[in-house]
Amino acid sequence: MTLRVLGVDPGLTRCGIGVIDSAGGRRATLVTAGVIRSSSEHPIDRRLLTIARGLRAALEEHGPDVVAVERVFSQNNTSTVMGTAQVSGIAIVEAAERGIPIAMHTPSEVKAAVTGSGRADKKQIQTMLVRLLGLEAPPQPADASDAVAIALTQLWRGPGPVALDATGGARTSAQAVWAQAERTARRARERSTSRH
């Protein structure tokens, strides 16, 4: 069973989106990445409507199992935080209307999950995305890469119904899916080699 995650890097001018599928183990494949843009020359209501329509289209097209949104954190620029918070709210509501669970991750959680360091810069994150997802180049613009990193964080660290593994250790729903996929793949390999 494949788990599909839609990551959202909320922004009023550029809202990054990234969709990835789990591929067993700690592997994942990129489905799509991009940005939903709104013009700073338009009034706030039109800008938010543009973002809402773009997010709705992405949810309808890709049908994710979970939506991961970057958690808004305090910055000095209040107007930027407000726009980001408003877009986050739209993403959460659009997912909720479809019964899709949502999760939120801070920027430092995303950096730590993807690079191993909560202080990594954007270039380090993009380099790791290329390596982890087997890409020729990182998704562009940077907001799209950020959204993919958020989705990857959810796959690897996502909260969810916790199952216990064979050792009794806690396992997130995504980890349980990977473990099952690995078992299925291993059985299939064993069956194919035993026939030869």
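In this numbering scheme, every chain counts its residues from 1 along its sequence in written order. Only residues with pLDDT of at least 70 get local features here, since the model is predicted, and only at 80 or more are side-chain atom pairs given and counted; chain-wide, interface and lining totals rely on the full set of residues. The side-chain numbers reported here are obtained from all heavy atoms of the structure, hydrogens and water having been left aside.

1. Examining the overall build of the chain
Okay, so step 1: By the criteria applied, helices consist of DSSP H or I runs no shorter than four residues and strands consist of E runs no shorter than two, each listed in order from the N terminus. Secondary structure assignment for the chain yields six helices and seven strands.
Okay, so step 2: Along its sequence from the N terminus, the chain presents helices and strands in the succession β-β-β-α-β-α-β-α-α-α-β-β-α.
Okay, so step 3: Three exposure classes are used, based on accessible area relative to the maximum for each residue type with a 1.4 Å probe and protein chains only: buried under 20%, partly exposed in between, and exposed over 50%. Taking all 196 residues of the chain together, 42% fall into the buried category.
Okay, so step 4: Only the protein chains shown count as cover for residues, with accessible areas throughout obtained via the Shrake-Rupley method and a probe of 1.4 Å. For the chain, the exposed surface amounts to about 10,400 Å²; the carbon and sulfur share of it is 51%.

2. Thoughts on the sheet that holds strand β5 (residues 102–105)
Okay, so step 1: What the five strands build is an open sheet, ordered β3-β2-β1-β4-β5; its pairing is mixed. Only two strands of the sheet have a single neighbouring strand rather than two, namely β3 (28–37) and β5. Ignoring strand direction, the axes of neighbouring strands in this sheet form an average angle of 20°.
Okay, so step 2: Note that strand β4 (residues 66–70) and β5 share four bridges and pair parallel. Note that in β5 the partner of V69 across the bridge is M104.
Okay, so step 3: Each of β1 (4–9), β2 (14–22), β4 and β5 is contacted by helix α2 (residues 78–97), which is oriented at about 170° to β4, the strand it contacts most.
Okay, so step 4: The contact criterion used is simple: two residues touch if any of their non-hydrogen atoms lie within 4.5 Å. Angular values range over 0 to 180 degrees, each being the angle between N-to-C directions of two axes fitted as lines to C-alpha atoms, with helices fitted over their stretch in contact. Set on the sheet, helix α5 (residues 142–157) makes contact with β1, β2, β3, β4 and β5; between it and β2 the angle comes to about 40°. Here the rule is simple: two strands pair whenever DSSP picks up at least two bridges between them.

3. Quick look at the pairing of β1
Okay, so step 1: Of all the six residues making up β1, five are buried; the element is thus mostly covered by neighbouring parts of the structure.
Okay, so step 2: As paired elements, β1 and β2 share six bridges and run antiparallel to each other. If you follow D9 over to β2, its bridge partner there is G16.
Okay, so step 3: What sits between the antiparallel neighbours β1 and β2 is a turn of four residues.
Okay, so step 4: Two elements, β1 and β4, share four bridges in a ladder whose sense is parallel. Across the sheet, the residue bridging to V5 is V66, located in β4.

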